[in-house]
Amino acid sequence: MAASELYSKDARVWLPDAAEVWKSAELIKDYTPGDLSLSLQLEDGTKVEHKIDPRTNNLPPLRNPNILVGENDLTALSYLHEPAVLHNLKVRFIDSKLIYTYCGIVLVAINPYESLPIYEADIINAYSGQNMGDMDPHIFAVAEEAYKQMARDERNQSIIVSGESGAGKTVSAKYAMRYFATVSCSSSDTNIEEQVLASSPIMEALGNAKTTRNDNSSRFGKYIEIGFDKKHSIIGANMRTYLLEKSRVVFQAHGERNYHIFYQLCASSHLPEFKAFKLGCAEDFHCTNQGQSPTIDGVDDAKEMCNTRRAFSMLGIGESDQIEIYQILSAILHLSNVEVKDQSVDRCSISPDNVHLMVFCELMGVPCDEMAHWLCHRKLKTTTETYVKSVSKANAVYGRDALAKHIYARLFSWVVGRINSALKSALKQHSFIGVLDIYGFETFDVNSFEQFCINYANEKLQQQFNLHVFKLEQEEYMKEEIPWSLIDFYDNQPCINLIEAKLGVLDLLDEECKMPKGSDDTWAQKLYNTLLKQNTHFDKPRLSNRAFIIHHFADKVEYQCLGFVEKNKDTVNEEQINVLKKSKFELLLRLFEEDEKAKRSGNKPASVTGRAGPAPRDNKKTVGLQFRQSLHLLMDTLNATTPHYVRCIKPNDHKSPFTLDPVRAVQQLRACGVLETIRISAAGFPSRWTYQEFFHRYRVLMKQKDALPDQKQTCKNLLEKLIKDREKYQFGRNKIFFRAGQVAYLEKLRSDKLRIACVRIQKTIRCWLARKKYLRMRESAITIQRHVRGHQARCYVKFLRRTRAAVVIQRNVRMWSGKRRYQQQRSAAITVQCFWRSYMARKQYYKLMYEHKAMVIQKWVKCWLAKQRYRRIRAAIILLQSCVRRMSAKKELKKLKVEARSVEHFKKLNIGMENKIMQLQHKINEQQKENRELSEMLSVVEKAQTVERDRQSREIENLRRSEQEARAKAETLPSLLEQLSFLQERLEITCREKEDLEEQTKAYKEETQQVLDELNMKNSLMENNIDELSKQILEQAQELTDIKSNAENTKQLEKDLTEERSRYQSLLSEHLHLEELHRDLKEEMNDSIISRQSSHKRTDSNYSSNSSEFSLSLGSTEGDDVSVQAEDETPAAVDLPILLKLQMRVKELEQDKQSLWQQLDKKEEAQQETAKEVEEQKTVGRAQLDLESIKRQELESENKKLKQDLNELRKSLTAESGDLIPPAPGSLPYNILLEQLSSSNDELEMRKEEVLLLRSHMVRQEALKHRDSAFGESVKLDLSEMPSFQGVNRSTDIHTLNEDGELWLAYEGLKETNRLLECQMQEQERVHDEKYRTLEEEVNKLKEEKKQEQKLLAQSLLLPEDARIEASLKHEITRLTKENLELLEHQEKQDETIRKLKKQLKLYMKKVEDFEASLPRKNSSSVTNVPVRTVNITRKEKEYQGMLEYKEGDESRLLKNLVIDLKPRGVAVSFIPGLPAYIIFMCLRYADNVNDDQRVSTLLNSTISSIKSVIKRRGDDYEVVSFWLANTCRLMHCLKQYSGDEGFTIHNTAKQNEHCLTNFELSEYQQVFGDLAIQIYRQLIKGMERILQPVIVASMLEHETIQGVLGSKPTGLRKRSTSFPEQDVTVEDLLQRLSVMYTTMKQHGIDSDLIKQVVKQQFYIICALTLNHLLLRKDMCSWSKGLQIRYNVWQLEEWLSERELTDCGAKETLEPLVQAAQLLQIKKKTEADAQAICNMCNALTTAQIVKILTLYTPVVEFEERVSSDFIATIKSLLKDRKESSSLMMDAKQIFSVTFLFTPSCVPLDTIQIPASLNLGFLNRI
């Protein structure tokens, strides 16, 4: 194919880029040979010119078509080169979130730095048993391929996991081991799988550390061999380790940590068991604080310590050994803190009281002085003498660190040895799978001895990988018989020879280490002199004389020679080791004992860790030699196995989730050999197609005449036309092989052909659409014109009519408006005149009134002014008088003062006159007092006189005014007198009315008070009633709440019961599985005992009917002998711990089973007690009033009759004349009255007698009630001599009532009867109300029907005659159907009532029988009943009783012929279903009839054991399991049907009720058979799953039922597992298997309900497996595959409809699959589409929806992938969903099964025993 064809316009190519490594571009101009540049346009729109070297003419690599992007296998790409590989990985990793990709035989795993839900048990089950290319790439697929090839080819396998630090090697290896532990069950009950997985936490704690690239980096390599037996079950494991990084113990770079175990110890130092170690924080120790990063985000070291200790315990390392391990590790921590002091240049010392040294010596059990001495000194030996020489501080510190490293290495080796011992199996290993977790190619800024060894190992592994890939390629070509030539591939043997050959790098290094004064510089010079000119892979740096360069397969690496010699020697001070050997610490001594063994081994191979202790110089191996020997041993192991490769890639250095750094990714792809695989594949024929796939994909490129019946020849003819160069492809036997780029060319031709076809189709369709649109527009235009013109004409006519009408309206409106305006004006004028005149009149009146009032005011003002003037004059006169009087008084005062002075003088002269003066003074005071009183009285009198005077003057004035007024009004006196007399009369009348009103008011008040009192009483009563009603309402509300809570509790109990049933069934299956294991172990133990020595035999014939004890004895069949050895002897071949574990497990399961049974029994008892209480409450009064109710009904009927007669009498009387004359004798009313009177008298007499009889009957009942009481003893009634109720004489009975105090009893009975009658009346009233409501509902219903009929009649009248008849027929059919349904409901209710009445009748009969049996029989002659005797059923001739007689001991013979040796096919076809169950039950009836409990238990136990043995032996045969499931269920139903329980015998015939069991109650055996049926059901489901599983995925997903819908896509090397075409499996094959199973179950007589449950389980398995594979297969997530799935589901639904199984729930189980198919087909672009998807996919989880959208892959170029924004929108819409986070459906889930009771209609007496069953020893009775 010419370059001009490929490099045409719009072709896409890859350009080199510094940042992104490769950048995509598109040609904007065709390329022609000879052009010096390409015109390109980048994705961002930038246009560039790419120069072409004219000498090489190398064009940029082409891009693959979009349809090939994102493929599971990189070899499926048409163009195989570096940019294509990088782009495909980037699309899968970033866009699709897929971390695994195939590259031929290599699995590329990219570390997502995020936890993904793709390692669950469901995923493991989905990958188990699948071919590697059928599923999406996964580590589980590689593990499954290794496991399958080991089982198929009987060849050991290896999984090689490699990659740089942080790429995820350890996690990948861990998941591979978890897969093996899950899919392979161990041959014994030991937990070897858990032990294998438990080794990982220990090795991670001791060998993993945090680095700058990885938080959990493995600092050693390990190869784990997982051993398998012949059954491919894990029996043990072995671990080999390589090159532990010991230097990390004493040194860590910045940001790194030491090994995890040290930090776990420090985090757990607070525990009591670690107190003696005197630890602290990690920052306190030198060997843990150098990296200054003591913690890891998200990691709890204390919690990890618990996991480590738990793993130690799981592997059998006891607590004491663990403490010793931790003690040594703690000593290393303290040793790192020992401080060395510098004394001189070559001398140093350690303080004797150094705390850390003392703790180290204490923990190690060595003398502190010696250790301190030898840490600072060393011993030198010569041929004659030994010298002790001190060392410098630097050498002492180096020796201290070397000792710490050596101790840690020995401890690491010892732990590995203990793990291997724990994982070692005593059984012989048949094969193994090895998992190699080893470091990948490393290159740093400074590379030392460790990187050199690592890269040396990777060179060896790359060589092995290249050879294996080349071998597979050549095998494929040979298998297909195509011509091939040797593929040239890179051979790195020269580089390996450079390292390991004679005079190679390692050889020269060992030689330098043997030299006395060997150094790194001399070794470097030797390398330069020896290898620089002889080997092209060796080079010397230009600017360094202490480094060298090696050209590895991945890259050239520069190694610094500094430290090579010392690290290769790995020396340690021998005297320090000798001091440690003197310790009494047992574990420390064992470590160095192994070291001594390693030294004594001499030239033997190194230990598993490749490390050794100090030894003499001539015997000690260097580290390089040990590593080379270990590597050769590893390569020999790998070459002897079939390798599987996993290459781990670190996407970025920042640990960002789902972020890919292209530069780092390309470096690792080059280093891990992925690109080498691509190069080898591209050198040959990388693209392979089967002829059928090629034909279906590219048949669009051929014409119809070119299609031949032979597809192979058709493909050859097509390729010869399309590709002219025969070197570009080859035809194999079953495949077509293409060179690189040819598939892309074919895809281009196909897309061009489809594009041309699409253009042609579009052209035709657009022409047709345009013409159709034109014709439609033309017709529409004509129609519009016609309607517009008509509309315009109508509008014109309408306009004329409106104009004329407007003129008429205007005329009349104008007339009306003028008239109205005139009337308004006239009315307004009149109104204005009226208001004006009234205004003027009011104004004149107001003026007159104003003048009159002014005169009045003037009069009073003038009067007031005159009074004021008079008062002022009077006040002035009084004031003048007062002044005059004051002057005279002053004069008088002066005169009195003069007199007083003379009196005082006189007092002095006449002292004796003092008393007299005092008396006179006293009299004067009294007179003054009297004077004051008199003056006060006088003033009062004067005031009174003044007031009286004023009053009189006012009266005078008033009289004067009155006189004037009287004179003025004298003329009006006569009229006033008349008015006065009239007013007096009115006053008298008013007084009388007032008196009457007062009386009326008084009476009204009394009446009102009475009414108020009555209202208060009523109010109080109403309040009481309200309180009572509120209480009743509260009670009813509480009852309603209780009812609701009971209903909710009932629903919850039902839900709990379902969950409990499911849990119980799973526990039961586990219990039965353990029973089988226990039985197998027991048989093996017995066989081993028998083979070794003879033993006595004992027959276990003690059976118990208890279900818990019985379940323990189900393991052995009846009649089998069990050999048991003496108790004190223990067989060597039996693993007692396993047996004890099994016994403990069985006991625990028994206890769980008992507890579950107790809970179920308690629930059932509680329900039964509740039902009994309700029933007792309902029937509490019925038993005592049965006979009274009969009489009461008769009385009520007679009362009704009397009322009717009375009404007739009244009517007849009122029908006569209205006068009050009584009826005459002989008239009609008179005769009626006489008849009524006589009948009333007769009835009265009868009622009296009946009342007395009722009283006597109540007396009898009361006497029976108090028969045992003290009152009954006093009465002493002989009830046995009391005559019956029917034969008693009424007249004599009346007289006997007065005897023995029976009247009092009758009175009490009468009161009780009244109460009961009152209750019954209330009940009747309630029934009447219910009947009334029922009748009212019926009336309403009839009204509605009448309305509907009238409506229907009205509608039918409008219809034509045919439609009317049809409508009436439909209505009649609907009405009759409704009536039938109502009648059916009514019949069901009546049947239910009849059943209840029958139950009550049986209960009453039982009570009556018990009562009659308890009656004392004192006088046997008076008893008329026949004495009780044993009832024997007489046998009629030729009539069978449904029993089979057998002799004792024939059980084993019976079950051997009927169960063990029976062939189900013949029985199912020839005889009635369930015949073995009927025969066994008939034998059981015989054992029950003879009342032999030993026979019953023996027969049932032997039956169960025999069925179990058959299921165990032939459990894989679906027909056998189905047959015995049907018979077990039938036997269980027979036990229920013939148990005599009313709930099960309700459907029996009278003959079948006679066949019920009479002596034994076998309800516990019903449960045991139910458990057995559950076990068989689960075995049936598992067998069914084994049959269906191989065809489900092939038929539902892979088969293309609708031919031409799907287009096959290119496949990679993973589809090259076989060269032969697989058999095509269709949906018809799946339906055929389902039909066979369904027919088999029908033939065996399995109940229809159980068949529905089985079908539901089948469809759930189909849905789960199909959906799980869809979620794990990217190639199946396409639009066309969704269409195919929906078509297949439709076929399954049609299969259900044909067999009337649509109501079994199977269709609902397919809903997740249907929604997944719809999700593949629905539009996925806008937010509305996202909302529609969320509403539609309610049966899918969020993880499943997102997974399907992520995996959606276009099959053709016209489809588009789902954008990441759309997926983010889906996630945001579904974030609030509460659902399981699991991705897969649980395909192993088995729904809980319920066995509904199904009675048999086959009578037992009609069953015949066929002679072919060889049961002649059974006799029909």
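In this text the structure is predicted, and so the values were computed from the model without any measurement. (Residues numbered from 1 in each chain as written. Predicted model: local features only at pLDDT ≥ 70, side-chain atom pairs only at ≥ 80, totals over all residues. Heavy atoms only, no water.)

1. Description of the pattern of salt bridges
Right, so step 1: The tally for this structure, following the rule as stated, stands at 42 salt bridges.
Right, so step 2: Between Lys895 and Glu892 there is a salt bridge whose closest N-O contact spans 3.8 Å. With Lys895 and Glu892 both in helix α26 (residues 742–909) and three residues apart, this pair spans about one turn of that helix.
Right, so step 3: Looking at Lys895, the relative accessible area reads 47%, which means it is partly exposed.
Right, so step 4: By relative accessible area, which is 39% here, Glu892 ends up partly exposed.
Right, so step 5: A salt bridge links Lys1456 to Asp1461, with the shortest nitrogen-to-oxygen separation between them at 2.7 Å.
Right, so step 6: By relative accessible area, Lys1456 is classed as partly exposed at 43%.
Right, so step 7: For Asp1461, a relative accessible area of 41% translates into the label partly exposed.
Right, so step 8: Among the charged side chains, a salt-bridge network with shared partners connects Glu164, Lys650, Asp653 and Arg664. (Salt bridge = Lys/Arg side-chain N within 4 Å of Asp/Glu carboxyl O. Helix = DSSP H or I, 4+ residues; strand = E, 2+ residues; numbered from the N terminus. Buried < 20%, exposed > 50% of the residue type's maximum accessible area, 1.4 Å probe, protein only.)

2. Structural notes on the packing of aromatic side chains
Right, so step 1: Taken as a whole and judged by the stated rule, the model has 38 aromatic pairs.
Right, so step 2: Here the aromatic rings of Phe180 and Phe228 are separated by 6.4 Å at their centres, their planes lie at 85°, and the arrangement is edge-to-face. One end of the pair, Phe180, is in helix α5 (residues 169–183); the other, Phe228, is in strand β10 (residues 221–228), with 48 residues separating them in the sequence. Here the two residues Phe180 and Phe228 agree in accessibility, since each one is buried.
Right, so step 3: Seen in terms of ring centroids, Phe274 and Tyr326 are 5.4 Å apart; in terms of plane orientation they differ by 85°. Their pairing is edge-to-face. (Phe/Tyr/Trp six-rings, centres within 6.5 Å; stacked < 30°, edge-to-face > 60°.)

3. Here we look at the sheet that holds strand β17 (residues 538–539)
Right, so step 1: Judged by pairing direction, the sheet is antiparallel, and its three strands sit side by side in the order β17-β18-β19 without closing on themselves. Two strands close off the open sheet at either side, each with one partner strand: β17 and β19 (556–560).
Right, so step 2: Note: strand β18 (residues 547–551) against β19, five bridges, orientation antiparallel. Following the sheet pairing, His551 is matched in β19 by Lys556.
Right, so step 3: Contacts from helix α17 (residues 520–531) reach β17 and β18, with the element oriented near 45° to β18. (Pairing = 2+ DSSP bridges. Contact = heavy atoms within 4.5 Å. Axes fitted to C-alpha atoms, helices over the stretch in contact; angles between N-to-C directions.)

4. Overview of the packing of helix α14 (residues 449–480) against helix α15 (residues 493–500)
Right, so step 1: Where α14 contacts α15, the axes come no closer than 10 Å and their chain directions differ by 140°. Here the hand of the crossing between α14 and α15 comes out left-handed. Mapping the contact onto sequence places Phe452, Tyr456, Glu459, Lys460 and Gln463 in α14 and Gln493, Cys495, Ile496, Ile499 and Glu500 in α15. (Left-handed = near helix turned anticlockwise from the far one by under 90°.)

5. Examining helix α2 (residues 82–95)
Right, so step 1: In this model, α2 (14 residues) spans 19 Å end to end at C-alpha, consistent with the 20 Å of a helix rising 1.5 Å per residue.
Right, so step 2: The buried fraction of α2 is high, at 10 of 14 residues.
Right, so step 3: Of the positions making up α2, those classed as buried are Glu82, Pro83, Ala84, Val85, Leu86, Asn88, Leu89, Val91, Arg92 and Phe93.
Right, so step 4: Looking one or two residues past α2, Lys97 carries a phi angle of roughly 55°, positive in sign. (Expected span 1.5 Å × (residues − 1).)

6. A few points about the sheet that holds strand β2 (residues 21–27)
Right, so step 1: Taken together, four strands build an open sheet; the order of strands is β1-β2-β3-β4 and the sheet is antiparallel. For this open sheet the edge positions go to β1 (12–17) and β4 (47–51), each flanked by a neighbour on one side alone. Put simply, the sheet's adjacent strands are angled 50° from each other on average, direction ignored.
Right, so step 2: Inspection of the sheet shows β1 paired to β2 by six bridges, in the antiparallel sense. Across the sheet, residue Leu15 finds its bridge partner in β2, namely Lys23.
Right, so step 3: Set on the sheet, α2 makes contact with β1 and β2; between it and β2 the angle comes to about 100°.

Note that every value here comes from positions in space, so none of it alone points to a role or purpose.
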